[in-house]
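So the chains spell out like this:
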Amino acid sequence: MDKAKAEEQVIIFLLKGEKFGLNIKNLISISEPGELKEERGEGVYRGRLSVRSKEAPVVNLNMLLQLGEGNFSDNVKILVLGNPNKMIGLIVDAVLEVISFSPKAIRPLPKMIMDSSITYFTGVGRVNGEAVLFLNESEIISASYAGKA
């Protein structure tokens, strides 16, 4: 198997100054926060976003991962994941880049930091010499919908 086929496209973004990664196979779009119809309520839910003539609920990923409110600067973006029938928007502090990365280079998280939120992560890898936490997009989507309900 050649190297290109063994790699996947991942988006690298920031939350609270830390780098996170997410496979882009279910990325529908990257939107600006100005497009958000805010409906602040309890918990992680922040409002709705119109994407391809459909409404997608939007959650604050910082809050979902229990990192706090987030850094609402000019760099904030909304990553829309899912499929045309079930979409979710994730507010992130900044999008850095899309890269090719081998899933084989992702290592499990150390057992000493395991807790109930561990299902949100697939593991940790190194990108340009820096640690990146890789997220489990299906768990994030499921948790986001559960939090909204």
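In this report, we go over the structure that sits alongside the text.

1. Regarding the sheet that holds strand β2 (residues 18-23)
Step number 1: With mixed pairing, the 5 strands of this open sheet are ordered in space as β9-β1-β2-β11-β10. The strands lining the two open edges of the sheet, one partner per strand, are β9 (94-101) and β10 (121-127). Here the strands of the sheet are splayed against their neighbours by 30° on average, with no regard to which way each runs.
Step number 2: Relative to strand β11 (residues 130-135), β10 runs antiparallel, the two sharing 6 bridges.

2. Some thoughts on the sheet that holds strand β4 (residues 37-38)
Strand pairs in the sheet, formed through backbone hydrogen bonds, run parallel or antiparallel to each other.
Step number 1: Spatially, 6 strands are ordered β3-β7-β8-β6-β5-β4 in an open sheet, and the strand pairing comes out mixed. Edge strands, defined here as strands with exactly one partner in the open sheet, are β3 (27-31) and β4.
Step number 2: As paired elements, β4 and strand β5 (residues 45-51) share 2 bridges and run antiparallel to each other. Note on β5: the bridge partner recorded for glutamate 38 is glycine 47.

3. Here we look at the packing of aromatic side chains
Step number 1: Applying the stated rule across the entire model yields 3 aromatic pairs.
Step number 2: When the centroid spacing of 6.1 Å and the interplanar angle of 15° are considered together, the rings of phenylalanine 13 and phenylalanine 20 count as stacked.
Step number 3: In textbook terms, an aromatic cluster arises when at least three aromatic residues are bridged by ring pairs, as seen for Phe13, Phe20 and Phe121.

4. Let's talk about the nonpolar core
Step number 1: Counting 22 residues, the largest nonpolar core has Phe13, Leu22, Leu61, Leu65, Leu90, Leu135 and Ile140 as its most contacted members.
Step number 2: Only β1 (8-15), β2, α2 (61-64), β7 (77-83), β8 (86-92) and α3 (137-148) provide two or more residues apiece to this core.
Step number 3: With near-sequence residues (within four places) excluded, phenylalanine 13 lies in contact with Glu18, Lys19, Phe20, Gly21, Leu22, Leu61, Leu79, Val92, Ala94, Val95, Leu96 and Leu135.
Step number 4: Formed by 11 residues, the second largest nonpolar core is a distinct cluster that contains Ala56, Val58, Ile78 and Ile91.

5. With respect to the environment of lysine 16
Step number 1: Within the secondary structure layout, lysine 16 lies in the loop between β1 and β2.
Step number 2: Spatially, the C-alpha atoms of lysine 16 and aspartate 93 are 7.2 Å apart, while their sequence positions differ by 77 residues.

6. Quick look at unusual backbone geometry
With the exception of glycine, most residues fall at negative phi, and the peptide bonds are largely trans.
Step number 1: The backbone of arginine 52 shows a phi angle near 50°, a positive value even though the residue is not glycine.
Step number 2: Accessibility expressed as a relative area gives 62% for arginine 52, which makes it exposed.
Step number 3: In this structure, asparagine 128 is a non-glycine residue whose phi angle is positive, near 50°.
Step number 4: The residue asparagine 128 is located in the loop between β10 and β11 in this model.

What counts, and where the lines are drawn
Residues numbered from 1 in each chain as written. Predicted model: local features only at pLDDT ≥ 70, side-chain atom pairs only at ≥ 80, totals over all residues. Heavy atoms only, no water. Pairing = 2+ DSSP bridges. Helix = DSSP H or I, 4+ residues; strand = E, 2+ residues; numbered from the N terminus. Axes fitted to C-alpha atoms, helices over the stretch in contact; angles between N-to-C directions. Phe/Tyr/Trp six-rings, centres within 6.5 Å; stacked < 30°, edge-to-face > 60°. Core = buried A, V, L, I, M, F, W, Y, C linked by side-chain atoms within 4.5 Å. Buried < 20%, exposed > 50% of the residue type's maximum accessible area, 1.4 Å probe, protein only. Contact = heavy atoms within 4.5 Å.

Without other data, these values stay purely geometric and don't point to any function.
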